[in-house]
Protein chains: 2
Amino acid sequence: MGVRGMAETGIKEVALRAGVSVGTVSNVLNRPQAVSSQTRQRVLDAIKELGYVRNDSARHLRAGRSRTVAIVVLDVSNPFFTDVVQGAEEVVAQAGGMLVVCNSGEDPARERHHLALLEEQRVQGLLITPVGAGHHKQLERLIERGIPVVLVDRGSGQNNRCSVAVDDVLGGRLAGQHLAECGHRRIAFVGGPFTIPQVADRHAGALAALAEVGGIDLQVVETASLSAVAGREAAEAICALPAAKRPTAIFCANDLLALGVLQGLTTNGLRVPHDIALIGYDDIDFAATAAVPLTSVHQPREQLGRTAAQLLLEEAEDAERHGHRHVVFQPHLVVRQSTVAVKRKASR
Amino acid sequence: MGVRGMAETGIKEVALRAGVSVGTVSNVLNRPQAVSSQTRQRVLDAIKELGYVRNDSARHLRAGRSRTVAIVVLDVSNPFFTDVVQGAEEVVAQAGGMLVVCNSGEDPARERHHLALLEEQRVQGLLITPVGAGHHKQLERLIERGIPVVLVDRGSGQNNRCSVAVDDVLGGRLAGQHLAECGHRRIAFVGGPFTIPQVADRHAGALAALAEVGGIDLQVVETASLSAVAGREAAEAICALPAAKRPTAIFCANDLLALGVLQGLTTNGLRVPHDIALIGYDDIDFAATAAVPLTSVHQPREQLGRTAAQLLLEEAEDAERHGHRHVVFQPHLVVRQSTVAVKRKASR
DNA sequence: AATCGCCTGTGAAACGTTTCATCGCTTCGC
DNA sequence: GCGAAGCGATGAAACGTTTCACAGGCGATT
């Protein structure tokens, strides 16, 4: 029992036990209807008795194609990505496949390493939010090799792959409009680095919306990352401003940042939304459960993942008939108490 | 280019191009020192020119052993688990391997499905927080088959596998002691379902600590899950109590719950910690960034993952010499404002 | 009665590696 | 000048599947 080096019990042993050929065993596994119910039962019994488990490596070596799909995300700790993952997983699992999650942590080296291994594994396909702009050689190689790639949360002008994304300019615009409508005239944008397309787009959207209204000042507080810690630092900087120059509203490039800002403001005795209104982006679950529930721009995160996986599987199934598509979802605004104070228990 | 069905460029083509045998190419890849630097260079050139990428399936079929490690977690959305994953990934990546993350979502069926696929893949090893008690046949089978399994965040009496966990009874005790020392005499425990070992242990620990002090009432508010939503519901129930019966402190079985409770209390006009003190468990990052920073029982999450991965790799390297171990970490208390009000800007 | 087609089942080839016994050649020691 | 030893490279076997051309058996159609 459990002796090291013991021969794997393979299809061959099963065949021997059931008194059939290996081909028949394979048929039982892959096209059960092609074998008489009698022998089929005999084979199944043998499989159970021997505790046989199919060897995926051999199967895929022969088939030349795997049933696993990989998703490479920028940050597994960010609830935005975990939700995208859940959406993708749902679709892949339903198709009988397996989704493996890889974390690049925004580090190009780790991303390269993962991609190299995934290429060696000949994965069925790849969902990825690339660290950089996403034009690197490695991705091109995968595509040339015939491995479908879908860009997630990154628009793409390229025509050799699909992409799914959310309109970040529109999202920024929604946020800007909302703050303008609330009467704010001095607003800060907190986010960075601006090399991240999402950050730049959200800022551009807000800027455009405010320009249409006119007479509104949008100052930028650039951060080094999109984390809560960075948010707290930004809040400190803002609190240090003389009250007359201090913005009356803050638009954060994502919710982690907004949560940090919220804490920073509270620590410094500023109340949200009374003293400063605050709006985030992503509408992660923690936005709603924050002590001051956060107004945020909602992105269909699970759907992003689902759609990406669907496009991928479609291409994997039949690359000939598949036409590459670029799906862009619309975000929408979710208004909560961080921008609009509620009358406490007034209605009851 | 990119024509479907085109033959893979394999080790054979490389050998042809470099004018050597396949064995030599393999040697260049696996023991470079065993081949003259001259031929080695020729082979490497050929590899680059042809864009050759090793086929992992074939490699593992031959080797009988894979370089991927899998981790199956209960909930990828829970920051506790994402941190454990990061710790494990760090160790596995350093060893040149690859960590794949699978999500069971607390669903036994999904867990079974994942385990079945992982078994077919002959993964090098498995880190898992099982959905149930963790005695199922499937895990035993993997172990019999010679695949190392390490239980994560679940103690284990079994002697055929390693486990890493944190002492939940001690954690509960720390929380109970702290609240008692703060002078609370009417305390509520919010958590559930009690079939989850962690929940039961944390409650038991708190109970024991309070019994030692004596004269303290610990009522239980059982929840259906460990989510923020469940926490809000529990808070509603508590707020509905007459003030005289209402607890003056709440111990939540994890931070998600505590964040929900915090929001629920705030919504109902109760201030934390002035009206009710609140303590969570896990010390996830969001605990510190909540508007009222949460006192919480800290668990060494990344280290949990790192240690689990190390034990696994050790066993995978040399199963003979490996002795199974059960590592138990000690949690510690992190006191923040949710249990102890700070004098606002008093010291400056 | 010969032929055809269908249904089951067979056995060998192939997938791309790694490993290992072997071989030719050079160098060394005596 | 001859055997031993060492070095580099070779080629075939093996890993466990899937696939495919084919064979045998049998009932139905001419």
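Because the structure is predicted, anything quoted here is derived from the model rather than measured.

As for the UniProt feature "domain: HTH lacI-type" (unreviewed entry) in chain A
- The UniProt entry lists residues 9–63 of chain A under the feature "domain: HTH lacI-type" (unreviewed entry), expressed in the numbering used here.
- Secondary structure across residues 9–63 of chain A comprises 71% helix and 0% strand; the distance between its end C-alpha atoms is 21 Å.

Comments concerning the relation of the copies chain A and chain B
- Overlaying chain A with chain B gives an RMSD of 0.0 Å, the required rotation being 180° about an axis along which the chain moves by 0.0 Å. One copy is carried onto the other by what is essentially a two-fold rotation axis.
- Same-surface contact between copies: 98% of interface residues of chain A are shared with the interface of chain B.

Describing unusual backbone geometry
Residue and element names in this part refer to chain B.
- In this structure, the amide linkage connecting Gly192 to the following residue, Pro193, adopts the cis form with an omega of -10°.
- One can find Pro193 in the loop between β6 (186–191) and α9 (197–213).
- Each neighbour pair has its own omega, and for Val272 with Pro273 the value is 5°, a cis peptide bond.
- Within the secondary structure, Pro273 is located in the loop between α11 (255–267) and β9 (277–282).

Points about the pairing of strand β7 (residues 217–222) of chain B
All names here are of chain B.
- Here β6 pairs with β7 via six bridges, running parallel. Bridging from a neighbouring strand, Phe189 pairs with Val220 of β7.
- Handedness of the β6-α9-β7 crossover: right-handed.

Re the packing of helix α5 (residues 79–94) of chain B against helix α13 (residues 301–317) of chain B
All names here are of chain B.
- One can describe the packing of α5 onto α13 by two numbers: an axis separation of 7 Å at closest approach and a directional angle of 40°. Put simply, α5 runs oblique to α13. Viewed along their axes, α5 and α13 form a crossing whose handedness is right-handed. The segment α5 lies against α13, with Phe80, Asp83, Val84, Val85, Gln86, Gly87, Ala88, Glu90, Val91 and Val92 engaging Arg301, Glu302, Gln303, Leu304, Gly305, Arg306, Ala308, Ala309, Gln310 and Leu313.
- Each residue belonging to the contact of α5 with α13 can be placed in one class, and the counts come to ten nonpolar, five polar and five charged.

Rules of the game
Residues numbered from 1 in each chain as written. Chains lettered and ligands numbered in written order. Predicted model: local features only at pLDDT ≥ 70, side-chain atom pairs only at ≥ 80, totals over all residues. UniProt positions renumbered as here; feature names shortened; annotations may be inferred. Helix = DSSP H or I, 4+ residues; strand = E, 2+ residues; numbered from the N terminus. Least-squares fit on C-alpha atoms with pLDDT ≥ 70 in both. Contact = placed C-beta atoms within 7 Å. Pairing = 2+ DSSP bridges. Right-handed = clockwise from strand over helix to strand, strands pointing away. Axes fitted to C-alpha atoms, helices over the stretch in contact; angles between N-to-C directions. Parallel < 35°, antiparallel > 145°, perpendicular 65-115°, else oblique. Left-handed = near helix turned anticlockwise from the far one by under 90°. Nonpolar A, V, L, I, M, F, W, Y, C, P; charged D, E, K, R; others polar.

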